[in-house]
Amino acid sequence: MTEPWQLTFPDGWGIEEPIELQDLKPWKELHLSEEGRAFSGTATYTTHLHLDKKTRRGRYTLSLGNVEEIAVVYVNDQEIATLWAQPYECDITDALQKGDNRLTIEVTSTWYNRLVYDARQPEQERKTWVLAGPDARAPLRDSGLLGPVRLVVEKQNRALR
């Protein structure tokens, strides 16, 4: 897919404005504040997919590539699937329409990166507390929609009679 993605994070976690992405990459590699790169929770990716024509006897599968950790897929505001393991793929045939289609993917990461970030902060500035968490020197893990995202079209043959 070649359209840019808009990535939106919830308020209060160090990323106040949506980010436009030409390429998908881990949150820890985005040009964000240190707190933003350590975001843990759910962020929303949005893009558009244009179909010049929709094949009546076709099956359209959305392949997300690599996701860290869970993805909920919407096409034209219709919830399609929740994906939490490889392969991160779902059939979006029924929700697709000829012309412009809105693709939304909500990606939820683990709390690991936030726990690492908070372990580096003075106790009064932390947003999370655990009895035993990752070390403050631990590297951040990959989080987010990593891709590549592809639309796979399979043409189905007519049944023989």
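Summarised in this report is the structure supplied together with it. Every value quoted in this text rests on a predicted model; they were computed, and no experiment measured them.

1. Description of the nonpolar core
No. 1: Residues Tyr 45, Leu 64 and Leu 145 are the most contacted members of the largest nonpolar core, which totals 34 residues.
No. 2: Broken down by secondary-structure element, the contributors of at least two residues to this core are β1 (5-8), β2 (19-21), β3 (42-51), β4 (58-63), β6 (70-75), β7 (78-83) and β9 (99-108).
No. 3: With four residues, β3 is the single largest residue contributor to this core.
No. 4: In this structure, Tyr 45 is in contact with Trp 5, Gln 6, Leu 7, Leu 21, Leu 24, Trp 27, Leu 103, Thr 104, Ile 105, Val 107, Gly 144 and Leu 145, ignoring residues within four places of it in sequence.
No. 5: Counting residues in hydrophobic clusters, the runner-up holds six residues, among them Val 116, Tyr 117, Ala 138 and Leu 140.

2. Notes on the side chain of Thr 46
No. 1: Position of Thr 46 among the secondary structure elements: in strand β3.
No. 2: Here Thr 46 is in contact with Pro 4, Trp 5, Gln 6, Arg 102, Leu 103 and Thr 104, once residues within four sequence places are set aside.

3. Observations concerning the sheet that holds strand β8 (residues 89-91)
No. 1: Taken in spatial order, the three strands line up as β8-β4-β11 in an open sheet, and their pairing is antiparallel. The sheet is open, and its two borders are formed by β8 and β11 (150-155), each paired with just one other strand. Taking the axes of each pair of neighbouring strands and ignoring which way they run, one obtains an average angle of 25 degrees across the sheet.
No. 2: Two strands pair when backbone bridges link them, and β4 and β8 are joined in this way by three bridges, in the antiparallel orientation. Bridge pairing links Ser 63 to Glu 89 in β8.

4. Re the pattern of salt bridges
Side chains bearing opposite charge may pair, as long as their charged atoms lie close to each other.
No. 1: Counting across every chain of the model gives nine salt bridges.
No. 2: Across the pair Arg 59 and Asp 91 runs a salt bridge whose closest N-O atoms are separated by 3.2 Å. You can see Arg 59 sitting in strand β4 and its partner Asp 91 sitting in strand β8, a full 32 residues away along the chain.
No. 3: Across the pair Arg 114 and Asp 118 runs a salt bridge whose closest N-O atoms are separated by 2.9 Å. Placement of both Arg 114 and Asp 118 in helix α2 (residues 112-119) is noted, with a separation of four residues, approximately one turn of the helix.
No. 4: Ionic contacts of the salt-bridge type, sharing partners, join the residues Glu 35, Arg 114, Asp 118 and Lys 127 into one network.

5. With respect to the pairing of β3
No. 1: Note that β1 and β3 share three bridges and pair antiparallel. Looking at β3, one finds that Leu 7 is bridged to Tyr 45.

6. What to know about α2
No. 1: Within α2, seven of the eight residues are buried, which leaves the element mostly enclosed by the surrounding structure.
No. 2: Inspection of α2 places Tyr 112, Asn 113, Arg 114, Leu 115, Val 116, Tyr 117 and Asp 118 among the buried residues, and these make up the whole buried set.
No. 3: Where the residues of α2 are buried, they touch α1 (34-37).

What counts and how
- Residues numbered from 1 in each chain as written.
- Predicted model: local features only at pLDDT ≥ 70, side-chain atom pairs only at ≥ 80, totals over all residues.
- Heavy atoms only, no water.
- Core = buried A, V, L, I, M, F, W, Y, C linked by side-chain atoms within 4.5 Å.
- Buried < 20%, exposed > 50% of the residue type's maximum accessible area, 1.4 Å probe, protein only.
- Helix = DSSP H or I, 4+ residues; strand = E, 2+ residues; numbered from the N terminus.
- Contact = heavy atoms within 4.5 Å.
- Pairing = 2+ DSSP bridges.
- Axes fitted to C-alpha atoms, helices over the stretch in contact; angles between N-to-C directions.
- Salt bridge = Lys/Arg side-chain N within 4 Å of Asp/Glu carboxyl O.

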